[in-house]
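A closer look at the structure
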Amino acid sequence: TPKGKVRSALRLHFSELVAIPGRRELLMLSAVDEVLLRVDRTGQLLGGLRLNRSELPQPEGLAFLPDGRLLVASEGAGGLGVVRVVEWR
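Described below are features of the structure shown in this document. (Residues numbered from 1 in each chain as written. Predicted model: local features only at pLDDT ≥ 70, side-chain atom pairs only at ≥ 80, totals over all residues. Heavy atoms only, no water.)

**Some points on the pattern of salt bridges**
- In this structure the tally under the stated criterion is 4 salt bridges.
- For Arg-23, the salt bridge is made with Glu-25, and the minimal N-O distance between the two is 3.2 Å.
- By relative accessible area, Arg-23 is classed as partly exposed at 34%.
- The closest approach of N and O atoms between Asp-67 and Arg-69, which form a salt bridge, is 2.8 Å.
- Note on Asp-67: relative accessible area 51%, which makes it exposed.
- The exposure class of Arg-69 is partly exposed, given its relative accessible area of 39%.
- Connected via shared salt-bridge partners are Arg-23, Glu-25 and Arg-38. (Salt bridge = Lys/Arg side-chain N within 4 Å of Asp/Glu carboxyl O. Buried < 20%, exposed > 50% of the residue type's maximum accessible area, 1.4 Å probe, protein only.)

So this is what it looks like as structure tokens:
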């Protein structure tokens, strides 16, 4: 900060946590930070994806389709909510 204080770049307020089908990994969604993180069962970070606020204003939910594609649900920006397919691999 301008006053020399150190602040974390991420706050990691998770809104959703799901197990990845067929893997020993989890997806964690942080609406506050607009990120989707992939971790193993011990919490080791395996990857991450920054989400686009214009497409997903407040991402809150995750679900997998039978074919393995990932859906992210978001509250709308002053309107209807949206659901998007997100490439996460």
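Having put the structure on the table, let's press on.
**Some remarks on a nonpolar patch on the surface**
- Together, Leu-10, Leu-12 and Phe-14 make up a nonpolar patch on the protein surface, roughly 220 Å² of accessible area in all.
- Along the polypeptide, Phe-14 turns up in strand β1 (residues 14–19).
- The class for Phe-14 is partly exposed, based on a relative accessible area of 35%. (Patch = residues over 30% accessible without salt bridge, like charges linked within 9 Å, V, L, I, M, F, W, Y side chains within 5 Å. Areas by Shrake-Rupley, 256 points an atom, 1.4 Å probe, with all protein chains shown as cover. Helix = DSSP H or I, 4+ residues; strand = E, 2+ residues; numbered from the N terminus.)

**Looking at the sheet that holds strand β5 (residues 58–64)**
- As summarised here, the arrangement of the 3 strands in space is β5-β6-β7, forming an open sheet in which the pairing is antiparallel. The sheet is open, and its two borders are formed by β5 and β7 (82–86), each paired with just one other strand. Averaged over all pairs of adjacent strands, the angle between strand axes in this sheet comes to 30°, irrespective of strand direction.
- As defined by bridge partners, strand β6 (residues 70–75) adjoins β7 across 5 bridges and the pair is classed as antiparallel. Pairing of Ser-74 across the sheet is with Val-82, part of β7. (Pairing = 2+ DSSP bridges. Axes fitted to C-alpha atoms, helices over the stretch in contact; angles between N-to-C directions.)

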